[in-house]
Amino acid sequence: MNIKNKKGWIRSLIGMGMLCMTAVIFSGCTTGKEGRHFKEEDKLKVVTTIYPIQNFTEEIAGEKAEIINLVPAGVEPHDFELSTGDMQLLEEADVFIYNGAGMEHFVDKTISAISNKDLLIVEATSDVKLKEASHSHEENEEEHGEEERFDPHTWLSIENAMIEAETIRDALCEADSDSQEYFNGRFEDYKAELEKLEKRYEKELSGLSKNTIVVAHEAFGYLCDEYGLVQEAVEGLTADSEPDSARMKEIIDFCRENDIQVIFFEELVSPKVAETIANEIGARTEVLNPIEGRTSEQEEQGLDYVGMMEQNLEVLKAALK
């Protein structure tokens with residue numbers, strides 16, 4: 001190898017090393033979708049983090065924005081790690097919208113690393129009254145840290161969904177002031193759709209014989225608070241944690257004492273614990289969707305937030321009769 005080529009080879013190695021060092025900070029150089037780029041030069045470039053935020057933004061932005069969501073279909077958001085390709089998207093974007101309330105563990109680290117000074121950064125829950133996490137079943141702040149001080153599943157309250165959508169509307173208007181009338185009109189249409197959904201929940205969840213649901217993890221506090229329900233969670237906010245034998249006995253006894261006939265689990269998380277409890281007490285299992293993300297099948301079907309909330313309403317009614 002001659003000196004010139006050797007120097008070039010060394011420079012290439014150094015460049016690759018620096019790239020990988022940046023990736024290690026976020027995802028070990030491997031996780032996430034690489035090579036995604038914005039294609040529409042004449043549209044607002046928006047990056048969102050999780051599906052509810054993506055959907056709210058799509059409903060309001062319409063054809064005025066190109067939206068890329070970071071967490072792919074079928075991936076549990078708690079397991080997602082940012083890649084260097086994702087960071088490059090943020091360097092190209094005009095707006096970055098995330099849920100907040102501790103939902104996206106990578107956000108603080110990401111924001112501090114972005115060099116895009118023109119990027120408008122929006123926390124959708126900035127005007128939402130957050131619900132304190134219970135940290136029950138021997139959970140504590142040392143185990144879970146500050147990021148799980150609050151329940152982050154804010155969008156499961158339809159009222160909160162409207163607040164978040166309004167915050168997103170305001171951000172889009174700030175980023176593209178020429179399209180304010182368009183964004184305002186689409187927001188009002190979407191708000192009317194959410195209000196209709198909220199009235200269905202109020203009407204159809206009232207007067208049922210039961211009010212307690214048993215769920216795999218503590219994701220449904222906002223929904224339960226809004227409609228007078230009580231959630232008994234097998235585990236806390238961490239979706240993929242598993243209970244010890246003492247907690248399993250406790251929840252099985254609770255189900256028997258309260259005549260629980262349905263144990264709810266989530267599509268993006270293993271149903272093993274829910275099935276074990278259901279088999280022990282002769283109950284059935286059903287999906288109650290926290291709408292943290294979509295499966296690939298739901299994405300192909302075009303199933304959106306409103307559609308998934310309608311599905312949740314049907315399984316709740318069946319379980320509480």
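Residues numbered from 1 in each chain as written. Predicted model: local features only at pLDDT ≥ 70, side-chain atom pairs only at ≥ 80, totals over all residues. Heavy atoms only, no water.

> Please explain the sheet that holds strand β3 (residues 95–98) as it appears in this structure.
Hydrogen bonds between backbone groups are what pair the strands of a sheet, and the pairing can be parallel or antiparallel. Taken in spatial order, the 4 strands make up an open sheet running β2-β1-β3-β4, and their pairing is parallel. Edge positions in the sheet fall to β2 (65–69) and β4 (120–123), since each of these pairs with one other strand and no more. Strand-to-strand twist across the sheet, computed as the mean angle between neighbouring axes with direction ignored, equals 20 degrees. Of the strands in this sheet, β1 (44–48), β2 and β3 touch helix α2 (residues 51–61), which is tilted by about 175 degrees from β2. Where helix α6 (residues 158–175) meets the sheet, it contacts β1, β3 and β4, and its direction lies at approximately 170 degrees from that of β4. (Pairing = 2+ DSSP bridges. Helix = DSSP H or I, 4+ residues; strand = E, 2+ residues; numbered from the N terminus. Axes fitted to C-alpha atoms, helices over the stretch in contact; angles between N-to-C directions. Contact = heavy atoms within 4.5 Å.)

> It is not clear to me how the packing of α2 against α6 should be interpreted in this structure. Could you clarify?
Any two packed helices are characterised by how steeply their axes cross, that is the angle between the axes, and by the distance between the axes. One way to put it is that α2 packs onto α6 with a least axis distance of 9 Å and a crossing angle of 55 degrees. Considered as vectors, α2 and α6 are oriented oblique to each other. Considering the relative orientation of α2 and α6, their crossing is right-handed. Residues I53, F56, T57, I60 and A61 of α2 lie in contact with α6, whose contacting residues are A161, E164, A165, I168, R169 and L172. Along the lines of polarity and charge, the residues of the contact of α2 with α6 split into 8 nonpolar, 1 polar and 2 charged. (Parallel < 35°, antiparallel > 145°, perpendicular 65-115°, else oblique. Left-handed = near helix turned anticlockwise from the far one by under 90°. Nonpolar A, V, L, I, M, F, W, Y, C, P; charged D, E, K, R; others polar.)

> Looking at this structure, I do not really get helix α12 (residues 305–320). What am I missing?
An α-helix turns once every 3.6 residues. As a result, residues three or four positions apart point the same way. If you check α12, its first and last C-alpha atoms are 22 Å apart, about what 16 residues at 1.5 Å a residue would give, namely 22 Å. Every buried residue of α12 is listed here: Y305, V306, G307, M308, M309, N312, L313, L316, K317, A319 and L320. (Expected span 1.5 Å × (residues − 1). Buried < 20%, exposed > 50% of the residue type's maximum accessible area, 1.4 Å probe, protein only.)

> Can you walk me through the pattern of salt bridges in this structure?
Should the charged atoms of two oppositely charged side chains come close, the side chains can pair. For the structure shown, the criterion picks out 18 salt bridges. The salt bridge involving K45 is made with E41; its shortest N-O contact spans 3.9 Å. Using a relative accessible area of 12% as the deciding quantity, one classes K45 as buried. In this structure, R149 and E132 form a salt bridge, with 3.8 Å as the shortest nitrogen-oxygen distance. One end of the pair, R149, is in the loop between α5 (141–144) and β6 (150–151); the other, E132, is in strand β5 (residues 131–132), with 17 residues separating them in the sequence. With relative accessibility at 35%, the residue R149 sits in the partly exposed group. Three or more residues joined by partner-sharing salt bridges are found here, namely R200, E204, E310, E314 and K317. (Salt bridge = Lys/Arg side-chain N within 4 Å of Asp/Glu carboxyl O.)

> Any chance you could explain the packing of aromatic side chains here in plain terms?
To describe a pair of aromatic rings, one takes the distance between the centres and the angle between the planes. What the rule picks out here adds up to 6 aromatic pairs. Seen from their ring centres, F56 and Y190 are 6.2 Å apart, and the 50 degrees between their planes marks the pair as tilted. Here F56, found in helix α2, pairs with Y190, found in helix α7 (residues 180–204); they are 134 residues apart in sequence, far enough to count as distant. For F56, a relative accessible area of 0% gives the class buried. Between the aromatic rings of F56 and Y305, the centroid separation amounts to 5.1 Å while the plane-to-plane angle is 80 degrees, which identifies the pairing as edge-to-face. With F56 in helix α2 and Y305 in helix α12, this pair connects stretches of sequence that are 249 residues apart. Relative accessible area serves as the criterion here: at 0%, Y305 is assigned to the buried category. Here a set of aromatic residues connected by ring pairs shows up, and it is made of F56, Y190 and Y305. Across from the ring centre of Y182, 5.3 Å away, lies the NZ or CZ of K64, which sits over that ring. Sitting over the face of the ring of F187, R169 holds its NZ or CZ atom 4.6 Å from the ring centroid. (Phe/Tyr/Trp six-rings, centres within 6.5 Å; stacked < 30°, edge-to-face > 60°. Lys NZ or Arg CZ within 6 Å of the ring centre and 35° of its normal.)

> What am I meant to see in empty space enclosed by the protein here?
To find the voids left in a structure, one rolls a probe of water-molecule size over its atoms. Per the counting criterion, the structure on display carries 2 cavities of 30 Å³ or more. Lining the largest cavity are 13 residues, with E267, L268, N289, P290 and G293 sitting closest to its centre. For the lining of the largest cavity, a count of residues per class yields 4 nonpolar, 4 polar and 5 charged. Considered as a void within the structure, the second largest cavity measures approximately 50 Å³ in volume. Around the second largest cavity, the lining residues are K210, T212, I213, D259, I260, Q261, V262, F264, A319 and L320. Broken down by secondary-structure element, the contributors of at least two residues to the lining of the second largest cavity are β7 (212–217), β9 (262–265) and α12. Of the residues assigned to the lining of the second largest cavity, the class counts are 6 nonpolar, 2 polar and 2 charged. (1 Å grid on protein atoms, 1.4 Å probe; cavity = no way out; pocket = protein on both sides within 12 Å on 5 of 7 lines; lining within 4 Å. Points joined across faces, edges and corners; volume = space filled by probe spheres on them.)

> Even after reading the chapter, I still don't get the pairing of β1, so can you show me in this structure?
Side chains on a regular strand alternate between the two faces of the sheet. Counting buried positions along β1 yields 5 of 5 residues, so the element is predominantly enclosed. On β1, burial covers both faces: L44, V46 and T48 on one face and K45 and V47 on the other are all buried. Pairing of β1 with β2, which is carried by 5 bridges, proceeds in the parallel orientation. Across the sheet, the residue bridging to T48 is N69, located in β2.

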